[in-house]
Amino acid sequence: MFDDLRDLYQEVILDHGRKPRNFRRLDDPDRTARGDNPMCGDRIELFLKLGADGGIADVAFQGRGCAISTASASLLTELVKGKTAAQAHALADGFRQLAMTGTCPACEAALADDMERLQPLSGVHEFPSRVKCATLAWHTLNAALDGSKETSSE
Amino acid sequence: MFDDLRDLYQEVILDHGRKPRNFRRLDDPDRTARGDNPMCGDRIELFLKLGADGGIADVAFQGRGCAISTASASLLTELVKGKTAAQAHALADGFRQLAMTGTCPACEAALADDMERLQPLSGVHEFPSRVKCATLAWHTLNAALDGSKETSSE
Amino acid sequence: MSLDLSRIRADFPILSQQIRGKDLVFLDSGASAQKPRVVIDAMIRCMEQRYANVHRGAYWLSEAATEDYEAARGAVAGFLNASDPREVIFTKNSTEAINLVAHSWGRGVLRPGQAVLISELEHHANIIPWQMLRDAHGIELRVARATDAGELDIEDVAAKLADGKAGLVAITHMSNVLGTVTPAERLVAMAHAAGARILFDGSQAAVHRRVDMQALGADFYAFTGHKLYGPTGIGVLWARLEHQERMPPFLGGGDMISSVTFERSEWAPPPAKFEAGTPAIVEAVGLHAAIDYVSALGMAAIETHERDLVDHAMRRLTDIEGLSLLGRAQDRGGVFAFTLDNAHAHDLATLLDRAGIAVRAGRHCAEPLHTRFGVEGGTVRASFGLYTTQGEIDFLAEALVKAREFFA
Amino acid sequence: MSLDLSRIRADFPILSQQIRGKDLVFLDSGASAQKPRVVIDAMIRCMEQRYANVHRGAYWLSEAATEDYEAARGAVAGFLNASDPREVIFTKNSTEAINLVAHSWGRGVLRPGQAVLISELEHHANIIPWQMLRDAHGIELRVARATDAGELDIEDVAAKLADGKAGLVAITHMSNVLGTVTPAERLVAMAHAAGARILFDGSQAAVHRRVDMQALGADFYAFTGHKLYGPTGIGVLWARLEHQERMPPFLGGGDMISSVTFERSEWAPPPAKFEAGTPAIVEAVGLHAAIDYVSALGMAAIETHERDLVDHAMRRLTDIEGLSLLGRAQDRGGVFAFTLDNAHAHDLATLLDRAGIAVRAGRHCAEPLHTRFGVEGGTVRASFGLYTTQGEIDFLAEALVKAREFFA
Ligand SMILES: Cc1ncc(COP(=O)(O)O)c(C=O)c1O
Ligand SMILES: Cc1ncc(COP(=O)(O)O)c(C=O)c1O
């Protein structure tokens, strides 16, 4: 009945959705931001710890969301750790592109490995109402890096 | 081009429209009322002088209106003079019936002569947006008799 | 008299569509209902044969359009068994209807310090306008509780009316999440006994039951065209003339005045006073056709059909492991909100969509109600229309079982 | 590029109708325009194939409807050359659009004691909301004069802005009675130089000219769908995002909030904040089709055609003995209001109707303007659309001559 949905809900997604990585509060974070998707009531909180060089030393999240937004946030935390703010913004841009169109031809070669790991989320581009679930964490990341407190994917 | 409109604009109407009878203010009236038709901006003022018996001793009107509302007011003044309030109300009811449907089968025999004189206005029933023009003066008459000050045919 | 479902379904062009190769199983009528051909045809005829702006046009087309527009008002009055068509004010939807009352009657008649009593069952459309009135005008906002079964807690209503401070009770006639139908007659009696006026948000109820303004005795009643198989862009506020008389206008503009100078304007008599600007002419004509359609089927027959659907859905849904229904009111209509273990509402809706089933996921514009029932994320909601079949409910139930496996 | 009138007329089903055996000569487009087949078809397609409530539906039909609704917003933004589609707020008509500004921006941003400057040219929709704001909020209402030619008296505007008390200028972009087009760019410069914001009532102008928000630089612009060959039940308020951010919402309800508790609610970002409740989905789709239709013809071509009609009408109408035109502005569109000796406007309209000519009689929701021009009763108004022909104007002129004889 739902076989063609295995494209959207690939095993990686279901796995990260069920057992999100870095799913906790950071003590004493340097930056936090909240993201809201009023459409489905999803809400996440993202915590960043910045290194002396301004890079992302640690990152974690909490909140409640669907499999897709949870998996996306979970993958995010794995990928942006160790990146500079500029690198993280670039990856967020690339991911938004991927989620909306299914590919990111404009993405730099430097992002290739990360984009590869995000590939399982590319299926959302066929589900307009779910794109926002996938991008929520990334909007929130941008907001946290820019120092704004709240964001909404609507 | 407008030949079939001779039914609506019969000579009587055009004549009363051009040269309305009793078109003046009454000095020291016992009752006055104003009638408004916001649809076309028509506005009339009706003046009544009552006799010792409560009957309509004199009646006149002023204002500005289309041929139909002016003719209707003019005919009204000719017809209700000398009538009791009850007779005038009955005639107003009969006329409203005539204007809306083209006839007044329910009208009492006592009204027959008056209704005959109002017959030229019966053509308005085919012009829904003009019925209010024809009935404006009669609404105003009712209002004057009942002692209310203003009325609107809308 | 029972409904001939296959004939009815043929009346709705959209229902015979295939979506991604699957038959459409439309279970989101509570959000907005589909339109029968007669409604579409009435709108076409209006635009092709009898269209012009209404009122104040002294020519045939404008007279025809005015006649049709006012006939629609008459049809609504008949549908509600109102005693006078002037009690019917056309708005753009329920939301505007409720805002109109909050704004005009709320600021014009309610006094600061008085209270408005709503309930935990409300749709945002019957919450936010009163919050805005509270903040602008200094009234107190009280909220009557819902019981765990999802019914209105009548004792709490009584308690919150007891001090006589409530000037208005504004309550849903049927919850768009739980399906609960509130005891309207009783609420009218309670409100009036406490010296308060009462407004019903009938957005859901008017679609599923016969409502009768003369029998009910309420003060205001709001509903919306697009849920009643009519077009978008039109709603109704039924309001007693005595209230309309006392209310200042809401929107200012053409057609709602009787005279204008720059110094002051005089308002037109009700209901024109509340219908500023060019109204939704084509939509009124469409709503008229929708009312004729449901009236010809018979609201009683529709109610019976929906009662059968509710019983059937109750049996099928409560059978499903891991499914939790929100609310189990005695008196309820065809709206079911639920959660399923392991599956977030949004993921579930996406799965069902792939099977051709249209349901809504989220909080259905009733966030406080979800909070009340401890649902943090959202629920999936299946809501029925007069064209819904038991077969569709069976298909939903099967799909839910499979969906649970998918996410297990 | 000129318009192919016979093809265009074939696009409008209603124009091929006979009314009481006479060809329809529809000269009331200023009140509401007729609808081309593409608009009707788009609405049918919406209801038969792509209908559901928008936003928050995680299924195909709702996604399709949402896409169509938002595409309509994009089309309006393109039509107005707005820099961002979020500047486009859908309302039910122009009247609601102006009331929205008067209410939200007026009470939220204007301070008591500040002034709003309107003009003698205004439609009631751009008078009454400001009177209501004056009475509720204590602002001063100023009225710029019209000259005897029916133009806006620019010196009077300057004088009334001179003390810097005006917070808002709210002026028609084209008079619905005189046809006068106001010097919009100049007014923007004057308003801004005086520290005021500026709103245009574009209900008439947007139909006849290309309007360009980026070039104009105004703050608010309102227009209405049904005059632009679109459906009833939909209008547009274009508003800069910075203003939208500062404005409290107008109607409260679903879709305009981001979170709700009974204590307080948070508003959704613009423009959702101003679109409470189920929007006019089908009507937005119809308006989109109307915009595509006029855009394909080209606003420049439409303007040229209408300029020819205006020149022709000027010649033909000024030839008629006993006819007095209201206003003779240099820059004008296809709207002519006049009186005729011996014939009251209403009688005249009835006569013309019998010849198949649809014109409006009265004060056209601009009572103070009629007072200004010394017209006590009303005028007859003939207004043109893109489908109007010179032949129709000739026919009107002949009928007027005969009508004068009729009443002589
Ligand atoms: C100049 C002007 N402003 C405002 C309006 C009001 O438009 P609507 O009735 O669609 O709100 C009209 C049309 O009636 C108009 O011509
Ligand atoms: C109970 C209830 N009230 C109000 C509304 C608002 O209706 P509308 O969006 O048509 O204004 C709805 C529908 O969304 C509803 O279900």
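Keep in mind it's a predicted model, so treat the numbers as computed, not measured.

## A closer look at the sheet that holds strand 7 (residues 166–172) of chain C
Residue and element names in this part refer to chain C.
Now for step 1: Read from one edge to the other, the open sheet built from seven strands follows the order 4-10-9-8-7-5-6, with strand pairing classed as mixed. The two strands at the open ends of the sheet, each matched to only one other strand, are strand 4 (88–91) and strand 6 (140–144). The mean angle between the axes of side-by-side strands here comes to 20 degrees, regardless of whether they run parallel or antiparallel.
Now for step 2: Alignment of strand 9 (residues 220–224) against strand 10 (residues 235–239), held across five bridges, turns out to be antiparallel. Paired with A222 across the strands is L237, a residue of strand 10.

## Let's talk about the site of ligand 2
Now for step 1: Looking at ligand 2, there are 14 residues lining it, with C:T95, C:D201, C:T224, C:K227 and D:T278 nearest.
Now for step 2: Looking at what sits near ligand 2, you find residues from chains C and D.
Now for step 3: Measuring from an oxygen atom of ligand 2, one finds a backbone N or O atom of C:S94 at 3.2 Å.
Now for step 4: Relative to its unbound accessible surface of 390 Å², ligand 2 loses 95% to contact with the protein.

## Let's talk about the interface of chain C and chain D
Now for step 1: Each side of the interface is counted separately: chain C has 96 residues, and chain D has 96 residues.
Now for step 2: Taking both partners together, chain C and chain D bury about 7,200 Å²; carbon and sulfur atoms supply 60% of that area.
Now for step 3: At the junction of chain C with chain D, the criterion picks out four salt bridges.
Now for step 4: Among the ionic pairs, C:E48 bridges to D:R37, the shortest N-O distance being 3.0 Å.
Now for step 5: Scanning the region where chain C abuts chain D turns up 45 residue pairs in polar contact (both at pLDDT 80 or more).
Now for step 6: Ranked by residues supplied to the side of chain C that touches chain D, first place goes to helix 2 (residues 37–49) of chain C with seven residues.

## Brief notes about helix 4 (residues 94–108) of chain C
All names here are of chain C.
Now for step 1: With 15 residues, helix 4 ought to run about 21 Å at 1.5 Å a step, and its terminal C-alpha atoms sit 20 Å apart, in line with that.
Now for step 2: For helix 4, a buried count of 13 out of 15 residues is recorded, marking the element as mostly surrounded by other parts of the structure.
Now for step 3: Put simply, N93 is the residue that caps the front of helix 4, since its side-chain oxygen is 3.2 Å from the backbone nitrogen of T95.

## Some points on the site of ligand 1
Now for step 1: Looking at ligand 1, there are 14 residues lining it, with C:T278, D:T95, D:D201, D:T224 and D:K227 nearest.
Now for step 2: One of the side-chain nitrogen or oxygen atoms of D:H226 is found 2.7 Å away from an oxygen atom of ligand 1.
Now for step 3: For ligand 1, the accessible surface in isolation is 390 Å², of which the surrounding protein chains cover 95%.
Now for step 4: When grouped by side-chain class, the residues that make up the shell around ligand 1 number one nonpolar, 11 polar and two charged.

## Description of the relation of the copies chain C and chain D
Now for step 1: Superposition of chain C onto chain D requires a rotation of 180 degrees combined with a translation of 0.0 Å along the rotation axis, giving an RMSD of 0.0 Å. Those values place the two copies in the arrangement expected of a two-fold rotation axis. It is C:G233 whose C-alpha, among those of chain C, lies nearest the rotation axis, at 2.7 Å.

## A closer look at the domain arrangement of chain C
Interface extent is often summarised as the accessible area lost during association of the parts.
Residues and elements named next belong to chain C.
Now for step 1: Splitting chain C by domain gives domain 1 (5–31 + 298–407) and domain 2 (40–295).
Now for step 2: Placing the centre of domain 1 and that of domain 2 at their C-alpha centroids yields a distance of 28 Å.
Now for step 3: Contact residues are listed per partner, giving 38 residues for domain 1 and 34 residues for domain 2.
Now for step 4: For the domain 1 face of the interface with domain 2, the top three residues by lost area are M299, L369 and R372, together amounting to 22%.
Now for step 5: The interface formed by domain 1 and domain 2 holds four salt bridges in total.
Now for step 6: Close ionic contact of R209 with D331 constitutes a salt bridge, the shortest N to O distance being 2.8 Å.
Now for step 7: Across the contact surface, domain 1 and domain 2 share 23 residue pairs in polar contact (both at pLDDT 80 or more).

## Focus: the interface of chain C and chain A
Now for step 1: Tallying the contact residues gives 23 residues for chain C and 25 residues for chain A.
Now for step 2: At the boundary of chain C with chain A, total buried surface from both sides reaches about 2,000 Å², with 58% on carbon and sulfur atoms.
Now for step 3: Along the contact surface separating chain C from chain A lie two salt bridges.
Now for step 4: C:R354 serves as the salt-bridge partner of A:D4, at 3.5 Å between the closest nitrogen and oxygen.
Now for step 5: Counting across the interface, chain C meets chain A through eight residue pairs in polar contact (both at pLDDT 80 or more).
Now for step 6: Listed by contribution, the elements that provide at least two residues to the side of chain C that touches chain A are helix 13 (345–354), strand 16 (360–362) and helix 15 (390–407) of chain C.
Now for step 7: Residue composition of the side of chain C that touches chain A, by class: 10 nonpolar, six polar and seven charged.

## Considerations on the pairing of strand 5 (residues 115–119) of chain C
Residue and element names in this part refer to chain C.
Now for step 1: Most of strand 5 sits inside the fold, with five of its five residues counted as buried.
Now for step 2: Covered by surrounding structure in strand 5 are A115, L117 and S119 together with V116 and I118, the residues of both alternating faces.
Now for step 3: Pairing of strand 5 with strand 6, which is carried by five bridges, proceeds in the parallel orientation. Looking across to strand 6, one finds that S119 is bridged to A144.
Now for step 4: Handedness of the crossover is the feature at issue here: the chain leaves strand 5, passes through helix 5 (residues 128–137), returns alongside strand 6, and the resulting connection is right-handed.

## A few points about the state of the cysteines
Now for step 1: This structure, assessed with the given rule, holds two disulfides over all chains.
Now for step 2: Each sulfur of the disulfide joining A:C104 and A:C107 lies 2.1 Å from the other. On the sign convention where negative means left-handed, the S-S torsion of about 90 degrees between A:C104 and A:C107 marks this disulfide as right-handed.
Now for step 3: B:C66 supplies the cysteine sulfur nearest to B:C133, a cysteine that is in no disulfide, at a spacing of 3.9 Å.
Now for step 4: The exposure class assigned to B:C133 is buried, which follows from its relative accessible area of 1%.

## Observations concerning the packing of aromatic side chains
Now for step 1: Following the criterion strictly, the structure yields 33 aromatic pairs over all chains and no others.
Now for step 2: Between D:Y69 and D:F90, the ring centres sit 5.3 Å apart and the planes meet at 45 degrees, which makes this aromatic pair tilted. With D:Y69 in helix 3 (residues 60–79) and D:F90 in strand 4 (residues 88–91), this pair connects stretches of sequence that are 21 residues apart.
Now for step 3: D:Y69 gets classed as buried once you look at its relative accessible area, which sits at 1%.
Now for step 4: Relative accessible area serves as the criterion here: at 5%, D:F90 is assigned to the buried category.
Now for step 5: Among the aromatic residues, those joined into a cluster by ring pairs are A:F2, A:Y9, C:F406 and C:F407.
Now for step 6: Of note, B:R6 hangs over the ring of D:F406, and the distance from its end group to the ring centre comes to 3.8 Å.

## Things to note about the arrangement of the chains
Now for step 1: Summarising the chain contacts, five pairs of chains touch, and the pair with the most contacts is chains C and D.
Now for step 2: Separating chain A from chain B is a minimum C-alpha gap of 46 Å, and the two share no contact.

## A look at the pattern of salt bridges
Now for step 1: Going through the model one piece at a time under the given rule, you end up with 83 salt bridges over all chains.
Now for step 2: Between A:D15 and A:K19 there is a salt bridge, with the nearest N and O atoms lying 3.1 Å from each other.
Now for step 3: For D:R363, the salt bridge is made with D:E367, and the minimal N-O distance between the two is 3.8 Å.
Now for step 4: Looking at D:R363, the relative accessible area reads 12%, which means it is buried.
Now for step 5: Among the charged side chains, a network of salt bridges with common partners joins A:D15, A:K19, A:R21, A:E78 and A:R117.

## Section: the sheet that holds strand 14 (residues 335–340) of chain D
All names here are of chain D.
Now for step 1: If you walk across this open sheet you meet the four strands as 13-14-17-16, and the pairing is antiparallel. On the outer flanks of this sheet lie strand 13 (323–325) and strand 16 (360–362), each paired with one strand and no other. Across the sheet, the axes of successive neighbouring strands diverge by a mean angle of 35 degrees, strand direction being ignored.
Now for step 2: In the sheet, strand 13 pairs with strand 14 via three bridges, with the strands oriented antiparallel. From the neighbouring strand, S324 faces strand 14, where its bridge partner is T339.
Now for step 3: Strand contacts of helix 13 (residues 345–354): strand 14, strand 16 and strand 17 (379–383), with the helix running at about 40 degrees to strand 17, the strand carrying the most contacts.

Rules behind the numbers
- Residues numbered from 1 in each chain as written.
- Chains lettered and ligands numbered in written order.
- Predicted model: local features only at pLDDT ≥ 70, side-chain atom pairs only at ≥ 80, totals over all residues.
- Heavy atoms only, no water.
- Pairing = 2+ DSSP bridges.
- Helix = DSSP H or I, 4+ residues; strand = E, 2+ residues; numbered from the N terminus.
- Axes fitted to C-alpha atoms, helices over the stretch in contact; angles between N-to-C directions.
- Near = heavy atom within 4 Å.
- Polar contact = N/O pair within 3.5 Å; in protein donor to acceptor, adjacent residues only side chain to side chain.
- Areas by Shrake-Rupley, 256 points an atom, 1.4 Å probe, with all protein chains shown as cover.
- Contact = heavy atoms within 4.5 Å.
- Buried area = accessible area lost by both parts, 1.4 Å probe.
- Salt bridge = Lys/Arg side-chain N within 4 Å of Asp/Glu carboxyl O.
- Expected span 1.5 Å × (residues − 1).
- Buried < 20%, exposed > 50% of the residue type's maximum accessible area, 1.4 Å probe, protein only.
- Nonpolar A, V, L, I, M, F, W, Y, C, P; charged D, E, K, R; others polar.
- Least-squares fit on C-alpha atoms with pLDDT ≥ 70 in both.
- Domains from an automatic or database assignment.
- Right-handed = clockwise from strand over helix to strand, strands pointing away.
- Disulfide = S-S within 2.5 Å.
- Phe/Tyr/Trp six-rings, centres within 6.5 Å; stacked < 30°, edge-to-face > 60°.
- Lys NZ or Arg CZ within 6 Å of the ring centre and 35° of its normal.

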